[in-house]
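Chain residues, written in single-letter form:
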Amino acid sequence: MTYEMEEITASQMIFYYLLKYRELTEEEERDLYKAYTENETVMNLVKRQGQAADSNIERYGNVIYLIPKEDNDFLGFSKALLKSILCKSTATDKDYYLSQFVVLTLLVEFYDGQSSSSKTRDFMKVGELMNCISERLKEGVLNQSEEEEQGGIAFVNMKEAFEALRSDEKGSKARTTKEGFMHTILNFLQKQGLLDYIEADEMIKTTKKLDHFMDYNLLNKNNYHRVLRVLGVKEDE
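Predicted model, so just to flag it, every value in this text is computed and none were measured. (Residues numbered from 1 in each chain as written. Predicted model: local features only at pLDDT ≥ 70, side-chain atom pairs only at ≥ 80, totals over all residues. Heavy atoms only, no water.)

Chemist: Whenever I open this one, the nonpolar core confuses me. Can you help?
Modeler: The nonpolar side chains of a soluble globular protein tend to be buried with one another. The biggest cluster of nonpolar side chains holds 41 residues, and the ones touching the most others in it are Leu-98, Leu-129, Ile-133, Leu-137, Leu-186 and Ile-204. Listed by contribution, the elements that provide at least two residues to this core are β3 (63–68), α4 (79–86), α5 (93–110), α6 (126–143), α8 (155–164), α9 (178–191), β5 (195–198) and α10 (208–218). For this core, the element with the highest residue contribution is α5, accounting for seven residues. Once you skip the residues sitting within four places of it in the chain, Leu-186 turns out to touch Leu-106, Val-126, Leu-129, Leu-195, Tyr-197 and Ile-204. Within the second largest apolar cluster, 16 residues are counted, among which are Ile-14, Val-42, Ile-57 and Leu-75. (Core = buried A, V, L, I, M, F, W, Y, C linked by side-chain atoms within 4.5 Å. Buried < 20%, exposed > 50% of the residue type's maximum accessible area, 1.4 Å probe, protein only. Helix = DSSP H or I, 4+ residues; strand = E, 2+ residues; numbered from the N terminus. Contact = heavy atoms within 4.5 Å.)

Laid out in structure tokens, this is it:
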């Protein structure tokens, strides 16, 4: 199949824009947006470049996103890098998995995947999220058998990691405290454009970017039930 030079050039410009900003909207770049949405050849060329870069190019609503695949450490984040960003300097794997458990808990508290829009609430307090994490960890330890722990999520280890973080009523930002640990994770998610973290009010809100991901991609039935299983939530809850 042959391609017009204008189509190749347009696809390269779109892909470069996505590499630089990770998303493309009609309001920001009308010509590039129209070239992608109105020309199937351009769209397919952009998607092929995304595949070559180990990423997916997806349009959710009126926004085009570049989404690195899970193992893409170049455009995404490696486990080692995330651990260094989110956890204390002496962190072990159980601290890293606790940080990921925090993110999963936050997603389930905001989204349920059951209706036309998966979002179920507009905001959440940091203290409420901390209580949810504590309760989910306790439930996971109680409900998980020894066999499941050896082959799946180690709730005991994550609970130990969470309880090892000291509490600081003064709101310390040190990653050795529960408050600082939460602050670091929420601040990171805000930098990725996924949350609005209003620190002064200890308020968490999701962004349209995260809402799009959850509505169009992450919360299909298979992924939703997979998240619930990780959190130890029973199907009838």
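Chemist: Would you explain the pairing of β5 in this entry?
Modeler: The side chains of a regular strand alternate, first on one face of the sheet and then on the other. Burial of β5 is one-sided: the residues Leu-195 and Tyr-197 facing one way are buried, the residues Asp-196 and Ile-198 facing the other way are not. Judged from the four bridges that link them, β5 and strand β6 (residues 203–206) form a sheet pairing that is antiparallel. Directly across from Tyr-197, in β6, lies its bridge partner Ile-204. Here β5 folds back onto β6 in antiparallel fashion, the turn holding four residues, of which Glu-202 has a positive phi close to 50°. (Pairing = 2+ DSSP bridges.)

Chemist: Would you mind going over the environment of Leu-210 with me for this structure?
Modeler: Examined against the element boundaries, Leu-210 turns out to sit in helix α10. The class for Leu-210 is buried, based on a relative accessible area of 6%. Once the C-alpha coordinates of Leu-210 and Leu-189 are considered, the two residues, 21 residues apart in sequence, prove to be 9.9 Å apart. Contact partners of Leu-210, with chain neighbours within four places excluded, come to Leu-107, Tyr-111, Leu-194 and Leu-195.

Chemist: For this particular structure, what's the right way to read the packing of helix α1 (residues 5–21) against helix α2 (residues 30–38)?
Modeler: Packed helices, taken two at a time, are described by the angle between their axes plus the distance between the axes. Put simply, α1 and α2 touch, their axes get as near as 10 Å, and they point 115° apart. Judged by the sense of rotation from one axis to the other, the crossing of α1 with α2 is left-handed. Residues Ala-10, Met-13, Ile-14 and Tyr-17 of α1 pack against Leu-32, Ala-35 and Tyr-36 of α2. Taken together, the residues that form the contact of α1 with α2 break down as seven nonpolar, no polar and no charged. (Axes fitted to C-alpha atoms, helices over the stretch in contact; angles between N-to-C directions. Left-handed = near helix turned anticlockwise from the far one by under 90°. Nonpolar A, V, L, I, M, F, W, Y, C, P; charged D, E, K, R; others polar.)

Chemist: Just to check I follow, could you spell out the sheet that holds strand β2 (residues 55–60) for this structure?
Modeler: Hydrogen bonds along the backbone pair up the strands of a sheet, which may run parallel or antiparallel. Strand order in this open sheet of three strands is β1-β3-β2, and the pairing throughout is antiparallel. Edge positions in the sheet fall to β1 (23–25) and β2, since each of these pairs with one other strand and no more. On average, each strand axis in the sheet is tilted by 15° relative to the strand beside it, whichever way the strands run. Note that β1 and β3 share three bridges and pair antiparallel. Among the inter-strand pairings, Glu-23 is bridged to a residue of β3, identified as Tyr-65.

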